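Survey of secondary and tertiary structure
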Amino acid sequence: MRCGAGRSVKLNLGAGDFPLDGWLNVDLPEFDLCIFPWPWINGSVEAMNASHVLEHFDLTTIRCALAECRRILQAGGWLTVAAPDLDVFVDARLNGDESALNGYHWRDLNHLLGGDENEPRPEWRHRYMFSRASLWQELEWAGFVVADREFDLALDNVNYRGFSVYLEGVRA
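To start, this report covers the structure provided alongside it. For every chain, the first residue of the written sequence is number 1, and numbering continues from 1 along that sequence. Local features in a predicted model are, by the rule used here, given only for residues with pLDDT of at least 70; side-chain atom pairs are given and counted only at 80 or more, and totals for whole chains, interfaces and linings are based on all residues. Water and hydrogen atoms were dropped before computing side-chain values, which therefore reflect all heavy atoms in the structure.

Joining through side-chain atoms within 4.5 Å is the link that ties buried Ala, Val, Leu, Ile, Met, Phe, Trp, Tyr and Cys residues into a set, and such a set is a nonpolar core. For every residue, the accessible area (1.4 Å probe, protein chains only) is compared with the maximum for its type, and the residue is labelled buried under 20%, exposed over 50%, or partly exposed between those bounds. Of all hydrophobic cores here, the largest spans 31 residues; its most connected members are Leu13, Trp38, Trp40, Met48, Leu54, Leu79 and Leu139. Secondary structure elements follow DSSP: runs of H or I no shorter than four residues count as helices, runs of E no shorter than two count as strands, and numbering proceeds from the N terminus. Breaking this core down by element, the ones donating at least two residues are β1 (9-13), β3 (45-51), α1 (59-72), β4 (73-84), α4 (132-141), β5 (144-147) and β6 (164-171). Top element by residues in this core is α1. It accounts for five residues. Core analysis: the next-biggest nonpolar cluster, separate from the first, contains seven residues, Leu20, Ala47, Phe151 and Tyr166 among them.

So this is what it looks like as structure tokens:
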């Protein structure tokens, strides 16, 4: 199946419990973002949102997913990414002030990265963490021009705002 022929779409990747109106919301179990290539035609997607999804993949899969995003985005199309900000978590631990985490509880980095078996859904466990600099670098390596501008917070879950890094990549 090839998607996107003759019409432009906006994709909300890993939508989970946060679907966006007017977007094609894709997630498990109907769509596995770890199976490549994705079914969309080159240049057929006008915008993509990846809010709190990339951290659930290992680095190799993240890079493959970003390459797919670039492939299917139209020239000038944009990809917004939100992910837990490693720097915020480390600063909270070092300073002894976890107020920025909005009640997100974690014991140590292994727990945050998914080493904790209390999460019964392995696909929800974190496998990678980003800082602002590392996410910026991955977007650039994937061929995006990173736009350092205000992120549209309507594209992210309000409960994650205190501890997230937000970036937007544009396909040149």
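After that view of the structure, there is still more to cover.
Two side chains with opposite charge may pair up if their charged atoms get near one another. Think of a salt bridge as a Lys or Arg side-chain nitrogen and an Asp or Glu carboxyl oxygen that are within 4 Å of each other. Here the structure, examined in full by the defined rule, presents three salt bridges. We note a salt bridge from Arg63 to Glu138, for which the minimum N-O separation is 2.8 Å. On the criterion of sequence distance, the pair formed by Arg63 in helix α1 and Glu138 in helix α4 is long-range, its members being 75 residues apart. Arg63 sits in the partly exposed class, given a relative accessible area of 37%. Taking the relative accessible area as the measure of exposure, Glu138 reaches 4% and is therefore buried. Between Glu68 and Arg71 there is a salt bridge, with the nearest N and O atoms lying 2.8 Å from each other. Residue Glu68 and its partner Arg71 are located together in helix α1, separated by three residues, close to a single helical turn.

Turning our attention to the packing of α1 against α4. Each axis is a line fitted through C-alpha atoms, and for a helix only the stretch in contact is used; angles between axes span 0 to 180 degrees, taken between their N-to-C directions. Interhelical geometry of α1 versus α4 gives an angle of 50 degrees and a closest axis separation of 9 Å. The pairing of α1 with α4 is recorded here as oblique in orientation. Remark: the crossing between α1 and α4 carries right-handed chirality. Contacts between α1 and α4 involve Leu59, Arg63 and Leu66 from the first element and Glu138, Leu139 and Trp141 from the second. Its residues assigned to classes, the contact of α1 with α4 shows four nonpolar, no polar and two charged. Oblique is the label for every angle not falling under 35 degrees (roughly parallel), over 145 degrees (roughly antiparallel), or within 65 to 115 degrees (roughly perpendicular). Left-handed describes a crossing whose near helix is turned anticlockwise from the far helix through less than a right angle; right-handed describes the clockwise counterpart. Contacts are assigned to residue pairs with any non-hydrogen atoms lying within 4.5 Å of each other. Any residue that is not Ala, Val, Leu, Ile, Met, Phe, Trp, Tyr, Cys, Pro, Asp, Glu, Lys or Arg is counted as polar, Gly included; the first ten are nonpolar and the last four charged.

Ordered in space as β2-β1-β3-β4-β6-β5, the six strands form an open sheet in which the pairing is mixed. What marks the edges here is a single partner per strand, and that holds for β2 (24-26) and β5. Neighbour to neighbour, the strand axes of the sheet diverge by 20 degrees on average, direction disregarded. A pair of strands is considered paired only if DSSP assigns at least 2 bridges between the two. Summarising the sheet, β5 and β6 pair through four bridges and their orientation is antiparallel. The residue bridging Ala147 from the neighbouring strand is Glu168, located in β6.

Assessed through its relative accessible area of 9%, Glu68 is described here as buried. We define a polar contact as two N or O atoms separated by no more than 3.5 Å, with the added condition that, inside protein, one atom must be a possible hydrogen donor and the other a possible acceptor, whereas residues neighbouring each other in sequence contribute only through side-chain atom pairs. A distance of 2.7 Å separates the side chain of Glu68 from the backbone nitrogen of Trp38, its partner in a polar contact. With residues up to four places along the chain from it excluded, the contact list for Glu68 reads Phe36, Pro37 and Trp38.

Turning our eyes to something else, we now look at helix α2 (residues 86-95). For an α-helix, the turn length of 3.6 residues means that residues three or four places apart are oriented alike. All buried positions along α2 are accounted for by Val88, Phe89 and Ala92. Along the long axis of α2, the arc covered by the buried residues comes to 100 degrees, so they all point the same way. Across from the buried face of α2, at angles greater than 90 degrees, the exposed residues are Leu94 and Asn95. Near the N-terminus of α2, the side chain that reaches the backbone nitrogen of Asp87, with its oxygen 3.0 Å away, is that of Asp85. Read the arc as the range of directions from the helix axis to the C-beta atoms.

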